[in-house]
Amino acid sequence: MIRRTLAAIVIVATALLLLVIAWPQLFGAAQLPILAQLVSLRAAAASVGLGIVALLVVVALVAAPVRRFAASMAAIGLVFCLVNLAVLSTRGFGNTTFAAATDNDVTVLSWNTLGDLPGADTIAQLAIEAGADIVVLPETSRAAGEAVATIMGEAGLAMVAHTSSYDEISKARSTTLLISADLGDYTVDEGARTTTVLPSVIAIPADGTGPTIIAVHPVAPIPGEMDHWRQDLRWVRDACAGGNVIMAGDFNSTMDHFAGLATAPNAAIGECLDAAVATDNAAVGTWPSAAPALLGAPIDHVMATANWRATGMRVIETQDDAGSDHRPIVAQLTPAG
């Protein structure tokens, strides 16, 4: 009797634990330590879970004394895997189709370069191939950003580089934003404090027309930075509140972490809608580039207010050996209406 009771307690406790891991939003726990890290890797968790389920099935088949317990645990594990796969399938495992471009489209490229590691030429060539109007480069120095702008200009794509740095020692504490001259003049207060540890860049159209463009880089949710990370996400929410906004960058967050931060219908955070969600790409991982894309964490995003529709988006997997631990992403935005 005691053995059965203990087994029942273990089964119920495991079921509750896996429910919290699979859907922490239900408990308001998606931004808590450990859970924030686990939920960002849903596909990897499901893969590990399937391996454990297979092992439990074998145990149930060959070990009669624990057959019922192992079978119960396997069933719970299978449900956990299926829940994660269901969530990922609703977000999309990848759709690289782009609608036919129009003259009013804006193409946004975002790539955390891990301190300029791919090199200005590689970054610029990727932006040129994409026909990017906006290039967001977290962890990219002013010198690298200006070099990228020069190369793009020589290719006929005139860009203006804006960089915000909290110091000039660590390149990780710089964020660079390139904006096509065709979009008009933009002004940036480079001294403004934005996200807490790593800078973000807010560019305002000088003539008051056109989108506000924000290059985003919240700190990662690692031990010692959890409070700053949560504060950064609230800053991102408030930055996308009203008006015409395009934002992109390394958010260090997945759709799960944005729970409760949307302030408009269908929005991911604030009033911004996520291009990956709109195009069935939100389950494709952008970090780390060393892992298969479908097992990684989709933490890099292109977002915009309802002024824009995402008419194409993809995670670029051809640069996995370029030096950065992030994959670049590119999205095509079309004016709504």
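Scroll up to find the structure this text is about.
What you see is a predicted model, and the numbers here were worked out from it, not measured in a lab. (Residues numbered from 1 in each chain as written. Predicted model: local features only at pLDDT ≥ 70, side-chain atom pairs only at ≥ 80, totals over all residues. Heavy atoms only, no water.)

Caption draft 1: Representation of the state of the cysteines within the structure. Summed over all chains, the structure comprises 1 disulfide. Put simply, Cys 240 and Cys 272 are joined by a disulfide, and their sulfur atoms are 1.9 Å apart. Measuring the twist about the S-S bond at about 90°, one finds the Cys 240-Cys 272 disulfide to be right-handed. Taken together, the positions of Cys 240 in the loop between helix 7 (226-239) and strand 8 (245-250) and Cys 272 in the loop between strand 8 and strand 9 (273-274) put the pair 32 residues apart, joining distant regions of the chain. In this structure Cys 240 comes out as buried when scored by relative accessible area, which is 0%. (Disulfide = S-S within 2.5 Å. Helix = DSSP H or I, 4+ residues; strand = E, 2+ residues; numbered from the N terminus. Buried < 20%, exposed > 50% of the residue type's maximum accessible area, 1.4 Å probe, protein only.)

Caption draft 2: Structural view of empty space enclosed by the protein. Under the defined criterion, the tally for this structure stands at 2 cavities of 30 Å³ or more. What the largest cavity holds in volume is close to 120 Å³. Secondary-structure elements contributing two or more residues to the lining of the largest cavity are helix 3 (42-62) and helix 4 (67-91). When its residues are assigned to classes, the lining of the largest cavity shows 10 nonpolar, 4 polar and 4 charged. Its volume calculated, the second largest cavity comes out at about 40 Å³. Lining the second largest cavity, in full, are Ala 276, Asn 281, Ala 282, Val 284, Thr 286, Pro 298, Asp 300, His 301, Met 313, Val 315 and Ile 329. Those elements that place two or more of their residues in the lining of the second largest cavity are strand 10 (300-304) and strand 11 (308-315). (1 Å grid on protein atoms, 1.4 Å probe; cavity = no way out; pocket = protein on both sides within 12 Å on 5 of 7 lines; lining within 4 Å. Points joined across faces, edges and corners; volume = space filled by probe spheres on them. Nonpolar A, V, L, I, M, F, W, Y, C, P; charged D, E, K, R; others polar.)

Caption draft 3: Seen up close, the packing of helix 5 (residues 120-130) against helix 6 (residues 142-154). The N-to-C vectors of helix 5 and helix 6 enclose an angle of 45°; their axes lie 9 Å apart at closest approach. The angle between helix 5 and helix 6 places the two elements in the oblique class. Crossing hand, helix 5 versus helix 6: right-handed. Residue-level inspection shows Ala 120, Asp 121, Ile 123, Ala 124, Gln 125, Ala 127 and Ile 128 of helix 5 in contact with helix 6, the latter providing Ala 144, Ala 147, Val 148, Ile 151 and Met 152. Residues of the contact of helix 5 with helix 6, tallied by class, amount to 10 nonpolar, 1 polar and 1 charged. (Axes fitted to C-alpha atoms, helices over the stretch in contact; angles between N-to-C directions. Parallel < 35°, antiparallel > 145°, perpendicular 65-115°, else oblique. Left-handed = near helix turned anticlockwise from the far one by under 90°. Contact = heavy atoms within 4.5 Å.)

Caption draft 4: Representation of the sheet that holds strand 8 in the model. Pairing is mixed across the open sheet formed by 6 strands, whose spatial order is 5-6-7-8-10-9. Here the strands that pair on one side only, and so sit at the sheet edges, are strand 5 (186-188) and strand 9. Sheet topology note: the strand 8/strand 10 ladder contains 5 bridges and is antiparallel. In the sheet register, Ile 246 faces strand 10, and the bridge partner there is Ala 304. (Pairing = 2+ DSSP bridges.)

Caption draft 5: Up close: the environment of Val 10. Residue position: Val 10 is located in helix 1 (residues 2-22). Owing to a relative accessible area of 37%, Val 10 belongs among the partly exposed residues under this scheme. In this structure, the C-alpha to C-alpha distance between Val 10 and Val 245, residues 235 residues apart in sequence, is 49 Å. Among all residues touching Val 10, those that are not within four sequence positions of it are Phe 69 and Met 73.

Caption draft 6: A nonpolar patch on the surface, seen in detail. The grouping of Val 12, Leu 16, Leu 19, Trp 23, Leu 26 and Phe 27 at the surface amounts to a nonpolar patch, some 580 Å² of accessible area in total. By the element assignment, Leu 26 lies in the loop between helix 1 and helix 2 (35-39). (Patch = residues over 30% accessible without salt bridge, like charges linked within 9 Å, V, L, I, M, F, W, Y side chains within 5 Å. Areas by Shrake-Rupley, 256 points an atom, 1.4 Å probe, with all protein chains shown as cover. Salt bridge = Lys/Arg side-chain N within 4 Å of Asp/Glu carboxyl O.)

Caption draft 7: Molecular detail of the sheet that holds strand 2 (residues 134-138). A sheet is described by the order of its strands in space; here 6 strands give the open sequence 3-4-2-1-12-11, paired in mixed fashion. Among the strands making up the open sheet, the edge pair consists of strand 3 (159-165) and strand 11. Taken over all neighbouring pairs, the strand axes of this sheet differ in orientation by 15° on average, direction set aside. Inspection of the sheet shows strand 2 paired to strand 4 (residues 174-180) by 5 bridges, in the antiparallel sense. Counted as the bridge partner of Val 136 is Leu 177 from strand 4.

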